Amino acid sequence: MKRQVIIIGGGASGLAAAIAAAREGAGVTVLEHMDRVGKKILSTGNGRCNLTNLSLRPEHYRCSQPQFPMKVLDHFSVWDTLAFFDEIGIVTKSRNGYIYPNSDQAASVLDSLRMEAERLGVRVVTECHISRAACAGKGRFQIESDQGVFQGERLILAAGSKAAPVTGSDGSGYQLAQAFGHRVITPLPALVQLRCQGKFLKQLAGIRCDALVKLVSEGQVLAADQGELQLTDYGVSGIPTFQVSRFAAVALHKKKAVSVILDFLPSKSMEETKQFIRNRAKALAYRKSEDFLTGVLNKKLSQVLLKLSQIDGAELVGNLKNQQLERLVHLIKAFELPVTSTNSFEQAQVCCGGVDTRDVRPETMESKLVKGLYLAGELLDVDGICGGYNLQWAWSTGITAGRCAGRTEK
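The sections below set out a description of the structure shown in this document. Bear in mind that the values here come from a model prediction, so they are computed numbers and not experimental data. (Residues numbered from 1 in each chain as written. Predicted model: local features only at pLDDT ≥ 70, side-chain atom pairs only at ≥ 80, totals over all residues. Heavy atoms only, no water.)

## Re the packing of aromatic side chains
Reasoning step 1: Using the criterion set out here, one finds eight aromatic pairs in the structure.
Reasoning step 2: Summarising the aromatic geometry, the rings of F141 and F180 are spaced 6.0 Å apart at their centres and angled 70° between planes, so their arrangement reads as edge-to-face. Of this pair, F141 sits in strand β9 (residues 140-145) while F180 sits in the loop between α6 (172-179) and β12 (184-190), and the two are 39 residues apart along the sequence.
Reasoning step 3: Residue F141 is classed as buried on the basis of its relative accessible area of 2%.
Reasoning step 4: For F180, a relative accessible area of 9% corresponds to the buried category.
Reasoning step 5: The structure contains a cluster of three or more aromatic residues connected by ring pairs, namely Y61, F68, Y389 and W393. (Phe/Tyr/Trp six-rings, centres within 6.5 Å; stacked < 30°, edge-to-face > 60°. Helix = DSSP H or I, 4+ residues; strand = E, 2+ residues; numbered from the N terminus. Buried < 20%, exposed > 50% of the residue type's maximum accessible area, 1.4 Å probe, protein only.)

## Here we look at the pairing of β9
Reasoning step 1: Here β9 shows a clear split, with F141, I143 and S145 buried on one side and none of R140, Q142 and E144 buried on the other.
Reasoning step 2: For strand β8 (residues 130-137) and β9, the ladder comprises six bridges, and the chain directions are antiparallel. Across the sheet, A133 pairs through a bridge with I143, a residue of β9.
Reasoning step 3: Counted along the chain from β8 to the antiparallel partner β9, the turn is two residues long, and its residue K138 has a positive phi close to 55°.
Reasoning step 4: Note: β9 against strand β10 (residues 148-152), five bridges, orientation antiparallel. Bridge pairing in β10 links Q142 to Q151. (Pairing = 2+ DSSP bridges.)

## Concerning the side chain of S245
Reasoning step 1: With respect to the helices and strands, the residue S245 is situated in helix α8 (residues 239-253).
Reasoning step 2: A polar contact is formed between the side chain of S245 and the backbone nitrogen of V192, at a distance of 3.1 Å.
Reasoning step 3: Of note is the side chain of S245, whose polar atom sits 2.7 Å from the backbone oxygen of F242.
Reasoning step 4: In contact with S245, not counting residues within four places along its chain, are A190, L191, V192, L194 and T342. (Polar contact = N/O pair within 3.5 Å; in protein donor to acceptor, adjacent residues only side chain to side chain. Contact = heavy atoms within 4.5 Å.)

## Details of the state of the cysteines
Reasoning step 1: By the definition in use, this model includes zero disulfides.
Reasoning step 2: Counting only cysteine sulfurs, C196 is the nearest neighbor of C209, a cysteine outside any disulfide, at a range of 13 Å.
Reasoning step 3: A residue is classified by how much of its surface remains accessible, and C209, at 14% relative accessible area, is buried.
Reasoning step 4: This cysteine, C386, is not joined by any disulfide, and C352 carries the nearest cysteine sulfur, 14 Å off. (Disulfide = S-S within 2.5 Å.)

## Comments concerning the sheet that holds strand β17 (residues 258-263)
Reasoning step 1: Judged by pairing direction, the barrel is antiparallel, and its six strands sit side by side in the order β13-β16-β15-β14-β17-β18 before closing back on the first. Each neighbouring strand pair of the sheet contributes to a mean axis angle of 45°, computed without reference to strand direction.
Reasoning step 2: For strand β14 (residues 208-217) and strand β15 (residues 220-231), the ladder comprises ten bridges, and the chain directions are antiparallel. Bridging from a neighbouring strand, R208 pairs with Q230 of β15.
Reasoning step 3: Contacts from α8 reach β13 (194-196), β14, β15, β16 (235-237), β17 and β18 (335-342) within the one sheet, and its direction differs from that of β15 by about 140°. (Axes fitted to C-alpha atoms, helices over the stretch in contact; angles between N-to-C directions.)

## What to know about the side chain of S112
Reasoning step 1: On the secondary structure map, S112 appears in helix α5 (residues 106-119).
Reasoning step 2: What makes S112 buried here is its relative accessible area of 8%.
Reasoning step 3: Beyond its immediate chain neighbours, meaning those up to four positions away, S112 contacts I88 and I90.

## Looking at the pattern of salt bridges
Reasoning step 1: Applying the stated criterion to the full structure yields 20 salt bridges.
Reasoning step 2: In this structure, E271 and K274 form a salt bridge, with 3.5 Å as the shortest nitrogen-oxygen distance. Note that E271 and K274 are positioned in helix α9 (residues 270-283) at a spacing of three residues, about one turn of the helix.
Reasoning step 3: A residue is classified by how much of its surface remains accessible, and E271, at 51% relative accessible area, is exposed.
Reasoning step 4: Two residues, K299 and D291, come together in a salt bridge whose shortest N-O distance is 3.6 Å.
Reasoning step 5: When salt bridges that share partners are traced, they join R23, E87, E116 and R119 into one network. (Salt bridge = Lys/Arg side-chain N within 4 Å of Asp/Glu carboxyl O.)

## Comments concerning the nonpolar core
Nonpolar side chains tend toward joint burial in soluble globular proteins.
Reasoning step 1: Ranked by internal contacts, the top residues of the largest apolar core, which has 83 residues, are V28, L113, L155 and W395.
Reasoning step 2: Aside from chain neighbours lying at most four places away, what touches W395 is A12, A16, I41, L51, F76, T81, F85 and L113.
Reasoning step 3: Within the second largest apolar cluster, 42 residues are counted, among which are L194, L229, A251 and L265. (Core = buried A, V, L, I, M, F, W, Y, C linked by side-chain atoms within 4.5 Å.)

## Considerations on the layout of surface pockets
Reasoning step 1: Here the second largest pocket is characterised by a volume of approximately 180 Å³.
Reasoning step 2: Taken together, 13 residues form the lining of the second largest pocket, with S64, I185, R246, V250 and G353 sitting closest to its centre.
Reasoning step 3: Counting only elements with at least two residues in the lining of the second largest pocket, the list comes to β4 (61-63), β12, α8 and β19 (350-355). (1 Å grid on protein atoms, 1.4 Å probe; cavity = no way out; pocket = protein on both sides within 12 Å on 5 of 7 lines; lining within 4 Å. Points joined across faces, edges and corners; volume = space filled by probe spheres on them.)

## Quick word on the sheet that holds strand β6 (residues 98-101)
Reasoning step 1: Within the open sheet, the three strands sit side by side as β3-β6-β5. Their pairing is antiparallel. Every other strand in the sheet has two partners, leaving β3 (52-53) and β5 (92-95) as the edge strands with one partner each.
Reasoning step 2: Pairing analysis gives two bridges linking β3 to β6, with the strands arranged antiparallel. Counterpart to T52 in the pairing with β6 is I99.

In structure tokens form, the structure reads like this:
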């Protein structure tokens, strides 16, 4: 008689777990509340699916137990991931260490996962809404749903977080984990845009530029990242904003004041920028001030910076006072925007927070509280930065949980 493994959640980690458990010889049933599995996979990497990253280091992951993520990744590495996808027919390619399917189509990744699960006889039940999951005695679990009652010797919770609920992540997995006694650290949006105060934001909307984004609160730098920033009518977006956003979410949740400090010339130090502006003012003394930063910064951004520096665009550059130039340098290097909130879970790519990893065994993903219960993917209190790290987390946790849950004990 095959061991029966029930998996709640048919996303990346759930499908990976299903394949791994079935390869161990288990009978596997995936319960998914959406009308199809793997919807979130389709939106990853702007539809190209950034599968993983060749560089996996501790600083790429955030967790209340900082050692936990790498302990898990040591058991199923990026190289194991590449081998796994090769086995199911996905040819991969590297863009500076960022791994994509050669097709550049996330749909091909989902199709390959689905075909492998089907080949292995995995049963998938869609539009299945769970009302209760509990231990049923004698080492069994019972899951009650609107599509009937399911029983198995092993249960894997891979129901996702609260991020991007349109793809199926509605946070229901947290309640299921709590029903088994697991603690949940408050989930908050991560890899998300920041909403800011500023009367001039509408004037800046649509600007994209390279910048250093520094997040500060109560005099401390919480995080910083550099890359292509996007200015919007409500605040800031773009990858460097996403990378620091989880720290803003946590600080705001604690009722702390938070600001982003933008450096629009990150290649130069403050002193180098001062000298650059002085030299430029001398060389371009004949120009109108409205053209002073032409060729240096985006024109719309330049106009706002000049206005905030109390510089009249019609004034000749040669007539500008040192005080005006110093204000301009400060704004170029340390443009401050108070953060009022993050965007909602609907816009977030992942969450920070989730099931407390202190109660999960990193080598197996099994619960320390309930034998035979496993947890995988975004449900856990682990969030990676942009660049394939969150999908690598899904593959590593899903396959480790699936292998261990599906393996017959000797």
